[in-house]
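Letter by letter, the chains look like this.
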Amino acid sequence: MSTHPAVVTVTPGGPLQIQHIPTPPIASNQVKLINQYTASTPLDLHQADAHLLVNPPQILGDSVAGTVLEVGPDVKRLRPGDQVFGFVWRFQAEKAHQLYVVTEEKLLAKLPPGRSLQEVVVVPDNFVTAWHALSKDLGFDLPWPKPEGYVSPGKDSWIVVWGGSSSVGMYAIQILRYYGYGNVVTTASKAHHERLVRYGASVCLDYRDEGTVERIRDRLKSGPSQRDFVLDCIGSLEGSVRPLARVATTKGAKVAILLPVIIKDAAPGIRPEYEMDVQACAAWAQGVEVSGVRTHTYMTDEFLAERLQPEMMPWAIAEKTVEPNDQIIVEGGTLLERAERALQLLREKKVSGGRLVWRVAEEEEVKTAMEQFCS
Ligand SMILES: NC(=O)c1ccc[n+]([C@@H]2O[C@H](COP(=O)([O-])OP(=O)(O)OC[C@H]3O[C@@H](n4cnc5c(N)ncnc54)[C@H](OP(=O)(O)O)[C@@H]3O)[C@@H](O)[C@H]2O)c1
């Protein structure tokens, strides 16, 4: 069996390694692609530095963008040569920080016209996260396609998106705008406020300013909110969860927190700590409903499993319902260097209002693979 390089974590906080792993044959419903671009995300850092939900040696990464090389006989939509992108995480052959990825077509979208693989690789994981968290965890009605003349049932509710400049936050605010949820209050560094207003936020506050919690609480009380909703896009014990327990105080308020809750942040030389029990993380007011967001369960919803990635995601980009996050390009002479540099940027908290993107396959590797499989 032929092999290909993959970036793996072997020990918590230890250096990443390249391992040459067997390239599996595809099953009848699977697709093999050559992976040209990937993104590095906070989950990669949680996994590399704390081995959160890791069975080592484990391949990292969950965002791919590349070219289809082979499809099984039951694959209906994709063909060799198609350029695709998607959020993939379920098993090793599917993970994103490797040269060849084997997955199913329902986790992949075709590249929208006029876009590049490098631009769209920043979308999949957190477009899926934002959509799933808003619909499942907060219970918002997000009918797709949106019916003509649709009126948002939540137009009178206040929605707090804590961490609006995070990748999840930027997609969440834009999806809320599309569905007419007009009362969005968000927190981010001031440098991002203008963009977040353009995306649909009505109030932007700096989370570092004193009095931010009180200002949000006053805003929620100013009515006419039928019910308060909170999406915590950060999940930091002291940086978002505990402040939000002081924001969401009215009975019936719904709070969705992106897991894991970060108890101690990863930093150079520091091993991070996490907690999965959101209820235990703060003194929540009585009657406030709190849940932890787990995007990895989105495929239990049959509609989202079939449509969210292959249809809704490229539609949202093509129709400009969401603007892809800014790319922060990570350079490096080798796959390993780029993967390590990206992790280091995450450890040093250098990501602000953007997504780390790096090349996986070299041009020459893409050309050779295309000649072999697509001619
Ligand atoms: N459970 C799940 O299903 C799931 C899915 C996706 C993501 N997540 C988790 O969600 C978190 C965010 O992911 P991401 O990819 O969106 O992150 P990201 O884009 O890398 O987050 C960076 C942003 O976080 C903001 N930020 C940092 N601390 C903050 C605070 N205390 N309050 C408000 N904003 C703060 C920064 O804002 P400024 O630059 O404006 O200062 C920066 O723009 C990660 O922990 C990730 O693992 C969980």
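Residues numbered from 1 in each chain as written. Predicted model: local features only at pLDDT ≥ 70, side-chain atom pairs only at ≥ 80, totals over all residues. Heavy atoms only, no water.

Turning next to the pattern of salt bridges. Considering all chains together, one arrives at 23 salt bridges under this definition. With its nearest N and O atoms 3.6 Å apart, the salt bridge here joins Glu306 to Lys106. With a gap of 200 residues between them, Glu306 in helix α8 (residues 302-318) and Lys106 in the loop between β7 (100-104) and β8 (109-110) connect regions that are remote in the sequence. For Lys106, a relative accessible area of 24% puts it in the partly exposed group. Among the ionic pairs, Glu363 bridges to Arg359, the shortest N-O distance being 2.9 Å. The class of Glu363 is exposed, set by a relative accessible area of 55%. Linked through salt bridges whose partners overlap, the residues forming this network are Arg90, Glu94, Glu104, Lys106 and Glu306. (Salt bridge = Lys/Arg side-chain N within 4 Å of Asp/Glu carboxyl O. Helix = DSSP H or I, 4+ residues; strand = E, 2+ residues; numbered from the N terminus. Buried < 20%, exposed > 50% of the residue type's maximum accessible area, 1.4 Å probe, protein only.)

Another aspect to go through is the packing of helix α1 (residues 42-50) against helix α9 (residues 335-347). Taken N-terminus to C-terminus, the directions of α1 and α9 make an angle of 95°; their axes are 10 Å apart at the nearest point. When the axis of α1 is compared with that of α9, the two are roughly perpendicular. Contact residues: Pro42, Asp44, Leu45, Ala48 and Asp49 in α1; Leu343, Leu346 and Arg347 in α9. (Axes fitted to C-alpha atoms, helices over the stretch in contact; angles between N-to-C directions. Parallel < 35°, antiparallel > 145°, perpendicular 65-115°, else oblique. Contact = heavy atoms within 4.5 Å.)

It is worth spelling out the domain arrangement of the chain at this point. Domains assigned within the chain are domain 1 (3-123 + 325-374) and domain 2 (126-297). Using C-alpha coordinates to define each centre, domain 1 is positioned 28 Å away from domain 2. The interface of domain 1 with domain 2 comprises 21 residues on the first partner and 20 residues on the second. Contact between domain 1 and domain 2 buries roughly 1800 Å² in total, counting both sides, with carbon and sulfur atoms accounting for 57%. As a salt-bridge pair, Asp326 and Arg195 come within 3.3 Å of each other at their nearest N and O atoms. There are ten residue pairs in polar contact (both at pLDDT 80 or more) connecting domain 1 and domain 2. If one sorts the elements of the side of domain 1 that touches domain 2 by residue count, α1 sits on top with five residues. Looking at the side of domain 1 that touches domain 2 residue by residue, the classes come out as nine nonpolar, six polar and six charged. (Domains from an automatic or database assignment. Buried area = accessible area lost by both parts, 1.4 Å probe. Polar contact = N/O pair within 3.5 Å; in protein donor to acceptor, adjacent residues only side chain to side chain. Nonpolar A, V, L, I, M, F, W, Y, C, P; charged D, E, K, R; others polar.)

This brings us to the site of the ligand. As a structural note, the neighbourhood of the ligand is formed by 30 residues, with Ser165, Ser189, Tyr207, Thr295 and Ser352 the closest of them. One nitrogen or oxygen atom from the side chain of Ser352 is found 2.5 Å from an oxygen atom belonging to the ligand. Compared with its free state, where it exposes 950 Å², the ligand has 86% of that area covered by protein. For the shell around the ligand, the secondary structure elements donating two or more residues are α1, α3 (124-137) and α4 (167-178). A per-element tally of the shell around the ligand places α1 first, with three residues. Residue composition of the shell around the ligand, by class: 13 nonpolar, 14 polar and three charged. Two domains each provide a minimum of three residues to the shell around the ligand, namely domain 1 (3-123 + 325-374) and domain 2 (126-297). (Near = heavy atom within 4 Å. Areas by Shrake-Rupley, 256 points an atom, 1.4 Å probe, with all protein chains shown as cover.)

Below, the discussion takes up the nonpolar core. Counting residues in hydrophobic clusters, the biggest one holds 70 residues, and the most contacted among them are Phe127, Trp131, Leu134, Phe140, Ile175 and Tyr298. Residue contributions to this core peak at eight residues, all from α8. Each of two domains, domain 1 (3-123 + 325-374) and domain 2 (126-297), supplies a minimum of three residues to this core. Residue contacts for Leu134: discarding those within four places in its chain leaves Gly139, Phe140, Leu142, Ala172, Ile175, Leu176 and Leu231. Listed in part, the 27 residues of the second largest apolar core include Leu205, Leu244, Ala248 and Val261. (Core = buried A, V, L, I, M, F, W, Y, C linked by side-chain atoms within 4.5 Å.)

Among the residues making up helix α6 (residues 212-221), those that are buried are Thr212, Val213, Ile216 and Leu220. An end-on view of α6 places all buried positions within 100° of arc, on one side of the element. Exposed and oriented more than 90 degrees from the buried face of α6 are Asp218 and Lys221. At its buried positions, α6 is contacted by β9 (159-162), β10 (184-187), β11 (203-205) and α7 (237-247). (Arc of directions from axis to C-beta.)

Let us look at the sheet that holds strand β4 (residues 58-59). Ordered by their spatial adjacency, three strands build an open sheet running β2-β1-β4, and the pairing between neighbours is antiparallel. The strands lining the two open edges of the sheet, one partner per strand, are β2 (17-22) and β4. Inspection of the sheet shows strand β1 (residues 3-9) paired to β2 by six bridges, in the antiparallel sense. Residue Val7 lies in a different strand from β2, and its bridge partner there is Ile18. (Pairing = 2+ DSSP bridges.)

Inspection of every chain in the model, using the stated rule, returns eleven aromatic pairs. With a centroid separation of 5.6 Å and an interplanar angle of 50°, the aromatic rings of Phe127 and Trp131 are classed as tilted. Placement of both Phe127 and Trp131 in helix α3 is noted, with a separation of four residues, approximately one turn of the helix. The same class applies to Phe127 as to Trp131, namely buried. Relative to Tyr179, the ring of Tyr150 lies with its centre 5.9 Å away and its plane at 85°, an arrangement referred to as edge-to-face. With Tyr150 in the loop between α3 and β9 and Tyr179 in the loop between α4 and β10, this residue pair connects regions lying 29 residues apart in the sequence. (Phe/Tyr/Trp six-rings, centres within 6.5 Å; stacked < 30°, edge-to-face > 60°.)

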